[in-house]
Every structure is written in C-alpha cells, then in structure tokens.
Amino acid sequence: MKALLPLALLLLPILGASPAIAAERKPIDASPPPRVATLVVYGDDPCPRSSDEEIVVCARQPESERYRIPKELRNKRKTDIPSQSWASRVRTLDMVSKRGLPNSCSPEGSGGQTGCMRQFLEAARAEREAAKAEAEQ
C-alpha cells in the first residue's frame, strides 16, 4: 500500500486533479456562433442587411441568369445513358422470361411443349406457301 502512494501522487497531475491545471481551464462559451446565410442576388436586387445574430453574404449574378439552370449543372453528362430503348428492353425481357411458359418450346416448365408444336406447324405452313408461290411462277 505504501508503494502505491508515490505512484498515485505522480498520476494526480496527469489525471487533472491538480489545482494548477484546473486554474488554466477556461469556461466554455455557451452562446452559439453567429448564423451565416449565403445568398445569390440577381441584377439590381438589394442584398439583405446583416444583424447581430446573422451574417449575410451575397453573390451577385447578372439578371439574365435569374431563371436559368446553374452553370455547374447545365452541361452535365448523364453517366447512365441507356444503350437501347425501353421497347427493345421489354422485348428482350419478354423473350427471356417466356422460357418455360406455355407456347415457349422449352423442355422446362409445364407448357413448353405446346410452343414446339406451334413452331413446327408455322414452319410447315411457310414451306407450303413457298412451294405454292414457286409453282405459280
């Protein structure tokens, strides 16, 4: 216990229990900092006056810029430009998701076989019409 006493006396100034360190501390200012308002005024519009609670900073632009899109946003290129139209995307999604549905000619799903028969019949009809058109010429 006697060995810990000198160690505790050495640690007191480090931990802030010393009266000299406590006297150096300043009281915390409780008032909030002044509010700063940044405005853009156009043409001959007046800039609002600052008050004790608020600092007003005005940037003046020409009258022609009043109703325009800000310069930073005007010629901004889109990074997500679609490479194909929505109609093409829908067609692709329909074709991909049709697999396994009725009339899809797929070994997967409950109605895939009906599409295979339909494709076979359409191919046979096209062959017949081609042969008929060839015979007429």
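Computed from a prediction, not measured in an experiment: that's the story for all the values here.

So, how was this worked out
Residues numbered from 1 in each chain as written. Predicted model: local features only at pLDDT ≥ 70, side-chain atom pairs only at ≥ 80, totals over all residues. Heavy atoms only, no water. Helix = DSSP H or I, 4+ residues; strand = E, 2+ residues; numbered from the N terminus. Contact = heavy atoms within 4.5 Å. Areas by Shrake-Rupley, 256 points an atom, 1.4 Å probe, with all protein chains shown as cover. Phe/Tyr/Trp six-rings, centres within 6.5 Å; stacked < 30°, edge-to-face > 60°. Lys NZ or Arg CZ within 6 Å of the ring centre and 35° of its normal. Salt bridge = Lys/Arg side-chain N within 4 Å of Asp/Glu carboxyl O. Buried < 20%, exposed > 50% of the residue type's maximum accessible area, 1.4 Å probe, protein only. Disulfide = S-S within 2.5 Å. Polar contact = N/O pair within 3.5 Å; in protein donor to acceptor, adjacent residues only side chain to side chain. pLDDT = per-residue confidence, 0-100.

### Some words on the overall build of the protein
Within the protein, the secondary structure is distributed over five helices and two strands. The order of α-helices and β-strands along the protein, N terminus first, is α-α-β-β-α-α-α. Across the protein, every contact between residues at least 6 apart in sequence was considered, and the portion connecting residues at least 24 apart equals 1%. Counting every atom, the protein has about 12700 Å² of accessible surface; 59% of that belongs to carbon and sulfur.

### Some points on the packing of aromatic side chains
Using the criterion set out here, one finds zero aromatic pairs in the structure. Its end group placed over the ring of Trp86, Arg89 keeps NZ or CZ at 5.0 Å from the ring centre.

### Regarding the pattern of salt bridges
Per the counting criterion, the structure on display carries six salt bridges. The partner of Arg66 in a salt bridge is Glu63, with the nearest N and O atoms 2.7 Å apart. Put simply, Arg118 and Glu122 hold a salt bridge, and the shortest N to O gap is 3.4 Å. Taken together, the positions of Arg118 and Glu122, both in helix H5 (residues 112-136) and four residues apart, correspond to about one turn of that helix. Look at Glu122 and you get partly exposed, because its relative accessible area is 41%. Linked by salt bridges that have partners in common, Asp45, Glu63 and Arg66 make up one network.

### Notes on the state of the cysteines
Two cysteines joined by a covalent bond between their sulfur atoms form a disulfide. Following the criterion strictly, the structure yields one disulfide and no others. Disulfide pairing places Cys47 opposite Cys58 at an S-S distance of 1.6 Å. For the disulfide bridge between Cys47 and Cys58, the dihedral angle about the S-S bond is near 75°, and by the sign convention the bridge is right-handed. You can see Cys47 sitting in the loop between strand S1 (35-42) and strand S2 (54-61) and its partner Cys58 sitting in strand S2, a full eleven residues away along the chain. Its relative accessible area of 30% is what places Cys47 among the partly exposed residues.

### Concerning the side chain of Glu65
Counting through the fold element by element, Glu65 comes out in the loop between S2 and helix H3 (71-74). One polar contact links Glu65 to Arg74, side chain to side chain, over a distance of 2.3 Å. If we skip the residues at most four places from it in the chain, Glu65 touches Tyr42, Lys71 and Arg74.

### Focus on the confidence of the model for the protein
Residue-level pLDDT values for the protein average 76, and 62% of them are 70 or greater. Mean pLDDT values for the elements of the protein range from 54 in helix H2 (residues 19-24) up to 91 in S2.

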